[in-house]
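Residues per chain, in single letters:
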Number of protein chains: 2
Amino acid sequence: MTSFSAKQIADMEQRYRAAFINSLGGFKSVVLVGTSDTEGLSNLAIFNSLFHLGANPPLCGLIFRPDSVERHTLENIENTGKYTINHITEAIYLQAHQSSARYPKTTSEFSATGLTPEWLDDFSAPFVAESRLRFSVELREIIPIRLNNTILTIGQITGVWLPDGILQPDGFIDLESAGTLTCSGLDSYHRTERLARLTYAKPDTWPEVILK
Amino acid sequence: MTSFSAKQIADMEQRYRAAFINSLGGFKSVVLVGTSDTEGLSNLAIFNSLFHLGANPPLCGLIFRPDSVERHTLENIENTGKYTINHITEAIYLQAHQSSARYPKTTSEFSATGLTPEWLDDFSAPFVAESRLRFSVELREIIPIRLNNTILTIGQITGVWLPDGILQPDGFIDLESAGTLTCSGLDSYHRTERLARLTYAKPDTWPEVILK
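Here is a short report on the structure shown in this document.

Cut-offs applied
Residue positions are given per chain, counting from 1 as you read along its sequence in written order. Chains and ligands are labelled sequentially in the order written, the chains with letters from A and the ligands with numbers from 1. Local features in this predicted model are restricted to residues whose pLDDT is 70 or higher, and side-chain atom pairs enter the listing and the counts only when it is 80 or higher, whereas totals over whole chains, interfaces and linings include all residues. Only heavy atoms go into the side-chain values, all of them from the structure, while hydrogens and water stay out. Comment: elements are numbered from the N terminus, with helices defined as DSSP H or I runs of at least four residues and strands as E runs of at least two. When a residue's accessible area, from a 1.4 Å probe over protein chains only, is under 20% of the maximum for its type it is buried; when over 50% it is exposed; and in between it is partly exposed. By definition, residues are in contact when any of their heavy atoms lie within 4.5 Å. The Shrake-Rupley method, run with a 1.4 Å probe sphere, supplies the accessible areas, and residue values consider only the shown protein chains as cover. What sets the superposition is a least-squares fit of C-alpha atoms, and only residues with pLDDT of at least 70 in both copies go into it. Under this definition, polar contacts are N or O atom pairs within 3.5 Å; protein pairs additionally need one hydrogen-donor-capable and one acceptor-capable atom, and for neighbouring residues in sequence, both atoms have to be side-chain atoms. Here a salt bridge means any side-chain nitrogen of Lys or Arg lying within 4 Å of a carboxyl oxygen belonging to Asp or Glu. Buried area: the accessible area, evaluated with a 1.4 Å probe, that two parts lose upon being put together, summed over both parts. Two strands qualify as a pair provided that DSSP identifies no fewer than 2 bridges between them. Stacked, tilted and edge-to-face are the three classes assigned to paired rings of Phe, Tyr and Trp, where Trp is represented by its six-membered ring and a pair needs centres within 6.5 Å; plane angles under 30 degrees give stacked, over 60 edge-to-face, the rest tilted. By the criterion adopted, a ring carries a charge over it if an Arg CZ or a Lys NZ lies within 6 Å of its centre and within 35 degrees of its normal.

**Quick notes on the overall build of chain A**
Then comes step 1: The helix and strand inventory of chain A stands at six helices and 14 strands.
Then comes step 2: Counting the 212 residues in chain A, one finds 59% classified as buried.
Then comes step 3: Long-range contacts, defined as pairs at least 24 residues apart, comprise 56% of the intrachain contacts of chain A with a sequence gap of at least 6.
Then comes step 4: In the structure as shown, chain A presents an accessible area of about 8300 Å², 48% of it carried by carbon and sulfur atoms.

As structure tokens, this is what we get:
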């Protein structure tokens, strides 16, 4: 076993520490966020900071570092209030990763990476046509986090598009069958292999397997 | 393809919607959070809401629903300012899931689930001895999210314990080799299989594979 103290972490070279601390939190959601600016120019960016915030109302959070390429996405969300979340599969993960390159604001990452914008149900932000699981989000609140100048946006899920056959009778969406990937650190992409779904835990019994 | 409107989501039966919306965000981190109350009684709870917030200072966020079993964890964090994060492997995922059962406050989930508390470096919150990747966290800020009465705690990482052989030369931690699991929805546990680590994206080149 190896251990690191607070001082050893503080003394790490900056990029080394970024890779190290980004790894520590475990496997993460990795998605493409689609937006449009007020002129209609579409933007696409990869995020590994999406998280579930609540089901009723259906809310999700997204963290922005204001000094990064993500600022185009944040500006568009502030200006239009709308964004799309698109899951990433093995077929598009190279293009998805490439969307994090620092393209100029006038370049759409859709054309730069070869992904296809798609508009669904008159929602004004673009979806990724190649993504299999997608949802639309409307901004509800922006919370500045003063400790490190990051920004938390909270959005409400207003529409969901799923491939057939992955929604289970109890509402669970089988992301693994949909081919959704997960990521770790800043740059590692992974498939998943289910161990099991487990029954709701109760004090006097042991959990049972619902689905292998 | 199947789609769901905002109204269809709002009309879902409550547990169905919880499973559905919890699945949408993609694969998540799943960890055990260890705390002690002011009398020294240890508490352990499983969370799938841990997220990376920044590397310098090293910060992580955790979301609490105040009406849930997680309240013992939140009370302990508010009272002591200290908690531990413990990654979950296949060897302990049943016990980890079982920690979410509604045990009375006087029952330690360690003894109830058969996991072993361990104290490292005089940190006052307990670690899980069976976990392979662990870190200590000190509370920095509590942010109430008024939209849905959840609570975001932000903590600073003050110490890290890793198994040998998983730290790469650039600071990346190979969670897959450490056996760290991911989860989806409320109750599905998954191993991972790496596709690749990719090089930092630049506008004029395509990403290359660092590690398969």
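**Structural notes on the relation of the copies chain A and chain B**
Then comes step 1: Between chain A and chain B, which share one sequence, the superposing operator has a rotation angle of 180° and an axial displacement of 0.0 Å; the RMSD is 0.0 Å. Taken together, the rotation and translation describe the operation of a two-fold axis. Closest to the rotation axis within chain A is the C-alpha of Thr192 of chain A, separated from it by 2.2 Å.
Then comes step 2: Of the residues that chain A buries at the interface, 100% are likewise interface residues in chain B, meaning the two copies contact each other through the same surface.

**Some points on helix 2 (residues 14–24) of chain A**
Residues and elements named next belong to chain A.
Then comes step 1: Summarising burial for helix 2: eight of the 11 residues are buried, a large majority.
Then comes step 2: If you check which residues of helix 2 are buried, you get Arg17, Ala18, Ala19, Phe20, Ile21, Asn22, Ser23 and Leu24.
Then comes step 3: Between a side-chain oxygen at the N-terminus of helix 2 and the backbone nitrogen of Arg15 the separation is 3.2 Å; the capping residue is Glu13.
Then comes step 4: At the exit of helix 2 stands Gly26, carrying a positive phi of roughly 100°.

**Here's the deal with the pattern of salt bridges**
Then comes step 1: Scanning all chains against the criterion turns up 16 salt bridges over all chains.
Then comes step 2: For Lys105 of chain A, the salt bridge goes to Asp37 of chain A, with nearest N and O atoms at 4.0 Å. Remark: Asp37 of chain A occurs in the loop between strand 3 (31–36) and strand 4 (42–47) and Lys105 of chain A occurs in the loop between helix 4 (93–98) and helix 5 (109–113); sequence separation between them is 68 residues.
Then comes step 3: For Asp37 of chain A, a relative accessible area of 15% gives the class buried.
Then comes step 4: With its nearest N and O atoms 2.8 Å apart, the salt bridge here joins Arg134 of chain A to Glu118 of chain A. Placement of Arg134 of chain A in strand 10 (residues 134–145) and of Glu118 of chain A in strand 8 (residues 117–118) is noted, with a sequence separation of 16 residues between them.
Then comes step 5: When its relative accessible area of 3% is taken as the criterion, Arg134 of chain A is described as buried.
Then comes step 6: Residue class for Glu118 of chain A comes out partly exposed when judged on its relative accessible area of 26%.
Then comes step 7: Taken together, the shared-partner salt bridges in this structure form one network comprising Glu90 and Arg191 of chain A together with Glu193 of chain B.

**A word on the environment of Ser131 of chain B**
Residue and element names in this part refer to chain B.
Then comes step 1: Checked against the element boundaries, Ser131 lands in the loop between strand 9 (127–128) and strand 10 (134–145).
Then comes step 2: Owing to a relative accessible area of 5%, Ser131 belongs among the buried residues under this scheme.
Then comes step 3: If we skip the residues at most four places from it in the chain, Ser131 touches Asn86, His87 and Ile92.

**Here we look at helix 3 (residues 71–80) of chain B**
The periodicity of an α-helix, 3.6 residues per turn, causes residues three or four places apart in sequence to face the same way.
Then comes step 1: For helix 3 of chain B, the set of buried residues is His72, Thr73, Leu74, Asn76 and Ile77 of chain B.
Then comes step 2: In the core, the buried residues of helix 3 of chain B are packed alongside strand 3 (31–36), strand 4 (42–47), strand 6 (58–64), strand 7 (82–87), strand 10 and strand 11 (150–162) of chain B.

**A few points about the interface of chain A and chain B**
Then comes step 1: Facing 100 residues of chain A, the contacting portion of chain B comprises 100 residues.
Then comes step 2: Both sides of the chain A and chain B interface together cover about 8900 Å² of buried area, and 63% of this is carbon and sulfur.
Then comes step 3: Of all residues in chain A, Phe27, Leu147 and Leu195 of chain A bury the most surface against chain B, accounting for 9% of the area lost on that side.
Then comes step 4: Inspection of the chain A/chain B interface yields four salt bridges.

**A word on the pairing of strand 6 (residues 58–64) of chain A**
Residues and elements named next belong to chain A.
Then comes step 1: Counting buried positions along strand 6 gives seven out of seven residues, so the element sits mostly inside the fold.
Then comes step 2: Along strand 6, one buried face is formed by Pro58, Cys60, Leu62 and Phe64 and the opposite face, lined by Leu59, Gly61 and Ile63, is buried too.
Then comes step 3: Direction of pairing for strand 5 (residues 51–55) relative to strand 6: antiparallel, over a ladder of four bridges. By the bridge assignment for strand 6, Phe51 is matched with Gly61.
Then comes step 4: Here strand 5 folds back onto strand 6 in antiparallel fashion, the turn holding two residues.
Then comes step 5: Relative to strand 11 (residues 150–162), strand 6 runs antiparallel, the two being bridged by six bridges. Bridge pairing in strand 11 places Cys60 opposite Gly155.

**Brief notes about the side chain of Ser36 of chain A**
Then comes step 1: Structurally, the position occupied by Ser36 of chain A is in strand 3.
Then comes step 2: Among residues more than four places away in sequence, those in contact with Ser36 of chain A are Leu41, Ser42, Asn76, Thr80, Ser124, Ala125 and Pro126 of chain A.

**Digging into the side chain of Arg134 of chain A**
Then comes step 1: One polar contact links Arg134 of chain A to Glu118 of chain A, side chain to side chain, over a distance of 2.8 Å.
Then comes step 2: Beyond its immediate chain neighbours, meaning those up to four positions away, Arg134 of chain A contacts Ile85, Asn86, Glu118, Leu120, Phe127, Val128, Ala129, Gly159, Val160 and Trp161 of chain A together with Met1 of chain B.

**Brief notes about the environment of Gln98 of chain A**
Then comes step 1: In this fold, Gln98 of chain A is placed in helix 4.
Then comes step 2: Sequence-wise, Gln98 of chain A and Ser5 of chain A are 93 residues apart; in three dimensions their C-alpha atoms are separated by 35 Å.
Then comes step 3: Apart from the residues lying within four places of it in its own chain, the contact partners of Gln98 of chain A are Tyr103 and Thr113 of chain A together with Ala201, Lys202, Pro203, Thr205, Trp206 and Pro207 of chain B.

**Remarks on the packing of aromatic side chains**
Then comes step 1: Throughout the structure, instances matching the rule amount to 11 aromatic pairs over all chains.
Then comes step 2: Judged by centre distance (5.0 Å) and plane angle (65°), the rings of Phe4 of chain B and Phe20 of chain B are edge-to-face. Of the two residues, Phe4 of chain B is situated in strand 1 (residues 2–5) and Phe20 of chain B in helix 2 (residues 14–24); the sequence distance between them amounts to 16 residues. Each member of the pair, Phe4 of chain B together with Phe20 of chain B, is buried.
Then comes step 3: Centroid distance Phe123 of chain B to Phe127 of chain B: 6.1 Å. Interplanar angle 50°. Geometry classified as tilted. For the pair Phe123 of chain B and Phe127 of chain B, a shared accessibility class is recorded, and that class is buried.
Then comes step 4: Here the aromatic residues Phe123, Phe127 and Trp161 of chain A are joined through ring pairs into a cluster of three or more.
Then comes step 5: Here the basic side chain of Arg197 of chain A rests over the ring of Phe172 of chain A, its NZ or CZ set 4.0 Å away from the ring centre.

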